[in-house]
Amino acid sequence: MKQFNGISYFMVIRTKSKIHIVWYNSATMNIKMLVRPNIRSLSAYEAKEIPCRVKLDANESPYGFKIDDAVLKQIKTNRYPDPEGKKIKQIISKNLGIKPANILLGNGSDELIYYLITTFGGPVLYPTPTFSMYGIIAKALKEKCIAIKLDNEFDIDIEAVLKAIKKDKPRLIFLSSPNNPTGNCFSSEKILKIIGMSKGIVIVDEAYQPFSSERGFLPLLKDYRNLVIMRTLSKIGMAGLRTGFLIADAEITEEVNKVRLPFNVNSLSQAIASKVLKDKGKLNSFIRSIVSERERLFEEMEKIKVIKLYPSEANFILFRTGNADKVYQELLRKGVLVRNMKGVVNGCLRVTVGTKKENEVFLKALKEVVL
Ligand SMILES: *Cc1c(COP(=O)(O)O)cnc(C)c1O
């Protein structure tokens, strides 16, 4: 097909006896009908930039890292980045006591979810409500999704999951623990049972593990070859770098590595992440501040009797309020942006833990709105 003048196209079709010239006019083309049906019916992940004074909607850290000129100077913009991110891998390997061969880096852990589903396929099982990307990516890749409702405590409905494992034989099970947006960790016994019973891969998404009082699943990697742990730098002050990683048996990282795009983590992210991850003291002190602010924020919110709080092991708090839509809008009018969980956990809002000052602004605004 040749482009002629920007809007018209012609295509030459040769048959045995004749040459046909078929004209297309791109102005009348129905692009939607060209899109695969499973993509056509999707809606894009909503990440609108809403102007506000205090941004507490995206589970980001309120603490960023300054970048030294020395770090920037070592970057060669004309060269491709290290395709494997050896330096970051080495630091993670040292920090967590695992081998580099067991680590795979992603452009955010979102990309790793893509790669996992591309590599293993579906059915893809996950509890709901949970992080929306498991379902969005599975659907984009045309895989069957099995969403199983959490129980009243937002813990895993183990009977229902085990039944689905037997019946549908999911190749992938995603468990976000601590779970987004509910904030709780799932019961470890239930997670272990699922890992033990599943004939597929079980991913424990530990995006919020640094804020949790539980020890997480890293120590269990050596016992279960079908266990994958996913972590990200996004919630600990480096969301802008888009860097996540998974930790798994080397056979799994090797297979998933086959679908990884060659230079998925860019030079800037590699250089900055390597620098920041080395400064464990600073990283941990930021995490401690967030956890202690979460405790304080929780105590203060508990005093507001008209809202219901859900306990959190993460860097956010989910709460239920009458008139959630209105409360969300009123908070925004006062300059405070939280996440409206409508359609995910109806009647609930999710607030990210900010600095002490930001949390104070939020608390004051919330009291004015609901009391
Ligand atoms: C934020 C989040 C992620 C995405 O992390 P990125 O590394 O920024 O892509 C993954 N899982 C859960 C549960 C999250 O909340």
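Check the entry above for the structure.
This one's a predicted model, so the numbers in the text were calculated from it and none came from an experiment. (Residues numbered from 1 in each chain as written. Predicted model: local features only at pLDDT ≥ 70, side-chain atom pairs only at ≥ 80, totals over all residues. Heavy atoms only, no water.)

Asker: How should I be thinking about the overall build of the protein in this particular structure?
Answerer: Counting secondary structure elements, the protein contains 13 helices and 16 strands. Overall, the protein is about 85 × 55 × 50 Å in size when its C-alpha atoms are taken along their principal axes. Looking at the protein as a whole, 49% of its 371 residues are labelled buried. Nonlocal contacts in the protein, meaning residues at least 24 apart in sequence, comprise 68% of its contacts between residues at least 6 apart. (Helix = DSSP H or I, 4+ residues; strand = E, 2+ residues; numbered from the N terminus. Buried < 20%, exposed > 50% of the residue type's maximum accessible area, 1.4 Å probe, protein only. Contact = heavy atoms within 4.5 Å.)

Asker: So what exactly am I meant to see when it comes to a nonpolar patch on the surface here?
Answerer: On the surface, V12, I19, I21 and W23 cluster together into a nonpolar patch covering about 430 Å² of accessible area. No other element matches strand 3 (residues 19–25), which puts three residues into the nonpolar patch. Within the secondary structure, I19 sits in strand 3. For I19, a relative accessible area of 54% puts it in the exposed group. (Patch = residues over 30% accessible without salt bridge, like charges linked within 9 Å, V, L, I, M, F, W, Y side chains within 5 Å. Areas by Shrake-Rupley, 256 points an atom, 1.4 Å probe, with all protein chains shown as cover. Salt bridge = Lys/Arg side-chain N within 4 Å of Asp/Glu carboxyl O.)

Asker: Could you clarify how one ought to interpret the sheet that holds strand 12 (residues 308–309) in this entry?
Answerer: The strand order across the open sheet formed by four strands is 12-13-16-15, and the pairing between neighbours is antiparallel. This sheet does not close on itself; its edge strands, each paired only once, are strand 12 and strand 15 (339–340). Note: strand 13 (residues 316–320) against strand 16 (residues 348–352), five bridges, orientation antiparallel. Residue pairing across strands places F319 opposite L349, the latter belonging to strand 16. Where helix 12 (residues 324–333) meets the sheet, it contacts strand 15 and strand 16, and its direction lies at approximately 35 degrees from that of strand 16. (Pairing = 2+ DSSP bridges. Axes fitted to C-alpha atoms, helices over the stretch in contact; angles between N-to-C directions.)

Asker: When you look at the sheet that holds strand 9 (residues 201–205) in this model, what are you seeing that I'm missing?
Answerer: Think of a sheet as strands paired side by side through backbone hydrogen bonds, with each pair either parallel or antiparallel. Here we have seven strands laid out as an open sheet, ordered 5-11-10-9-8-6-7, and mixed in their pairing. Edge positions in the open sheet fall to strand 5 (103–106) and strand 7 (145–149), since each of these has one partner strand only. Across this sheet, the average inter-strand angle for adjacent strands is 25 degrees, counted without regard to direction. Bridging between strand 6 (residues 124–128) and strand 7 involves five bridges; their strand directions are parallel. Residue pairing across strands places P127 opposite I148, the latter belonging to strand 7. In this fold helix 9 (residues 250–257) packs onto strand 5, strand 9, strand 10 (227–232) and strand 11 (244–247), with an angle of close to 35 degrees to the strand it touches most, strand 5.

Asker: Please clarify how the site of the ligand should be interpreted in this entry.
Answerer: Surveying the vicinity of the ligand reveals 14 residues, the closest of which are S109, D205, T232, S234 and K235. Interatomic distance of 2.6 Å between a backbone N/O atom of S109 and an oxygen atom of the ligand. Between the ligand and the protein, one listed contact pairs an oxygen atom with a side-chain N or O atom of Y208 at 2.7 Å. Burial of the ligand by the surrounding chains reaches 94%, relative to a free accessible area of 380 Å². Looking at the shell around the ligand residue by residue, the class counts come to four nonpolar, six polar and four charged. (Near = heavy atom within 4 Å. Polar contact = N/O pair within 3.5 Å; in protein donor to acceptor, adjacent residues only side chain to side chain. Nonpolar A, V, L, I, M, F, W, Y, C, P; charged D, E, K, R; others polar.)

Asker: Honestly, the packing of aromatic side chains in this entry has me stumped. Any pointers?
Answerer: The geometry of two aromatic rings is summed up by the distance between their centres and the angle between their planes. As enumerated under the stated definition, the model contains nine aromatic pairs in all. On the basis of an interplanar angle of 15 degrees and a centroid distance of 4.6 Å, the ring pair of Y134 and F174 is categorised as stacked. Of this pair, Y134 sits in helix 6 (residues 133–140) while F174 sits in strand 8 (residues 172–176), placing them 40 residues apart in sequence. This pair shows no difference in class: Y134 is buried, exactly as F174 is. (Phe/Tyr/Trp six-rings, centres within 6.5 Å; stacked < 30°, edge-to-face > 60°.)

Asker: So what exactly am I meant to see when it comes to the environment of G135 here?
Answerer: Tracing the sequence through the fold places G135 in helix 6. Accessibility expressed as a relative area gives 5% for G135, which makes it buried. In this structure the C-alpha to C-alpha distance between G135 and V202, which are 67 residues apart in sequence, comes to 15 Å. Contacts of G135, omitting those with residues within four sequence positions, involve Y126 and C145.

Asker: Would you mind showing me how to read the packing of helix 11 (residues 280–302) against helix 13 (residues 356–370) here?
Answerer: Interhelical geometry of helix 11 versus helix 13 gives an angle of 15 degrees and a closest axis separation of 11 Å. The pairing of helix 11 with helix 13 is recorded here as roughly parallel in orientation. Of the two possible hands of crossing, helix 11 and helix 13 adopt the one that is right-handed. Seen from helix 11, the contacting residues are E293, R296, L297, E300 and M301; seen from helix 13, they are K356, N359, E360, F362, L363, L366 and K367. (Parallel < 35°, antiparallel > 145°, perpendicular 65-115°, else oblique. Left-handed = near helix turned anticlockwise from the far one by under 90°.)

Asker: Sorry if this is basic, but what is going on with helix 8 (residues 188–197) here?
Answerer: Turn by turn, an α-helix covers 3.6 residues, leaving residues three or four places apart pointing in a common direction. For helix 8, the complete set of buried residues consists of K190, I191, I194 and I195. One face of helix 8 carries all of its buried residues, which in axial projection span an arc of 140 degrees. Exposed and facing more than 90 degrees away from the buried side of helix 8 are E189 and G196. Its buried side turned inward, helix 8 meets helix 7 (158–168), strand 8, strand 9 and strand 10. (Arc of directions from axis to C-beta.)

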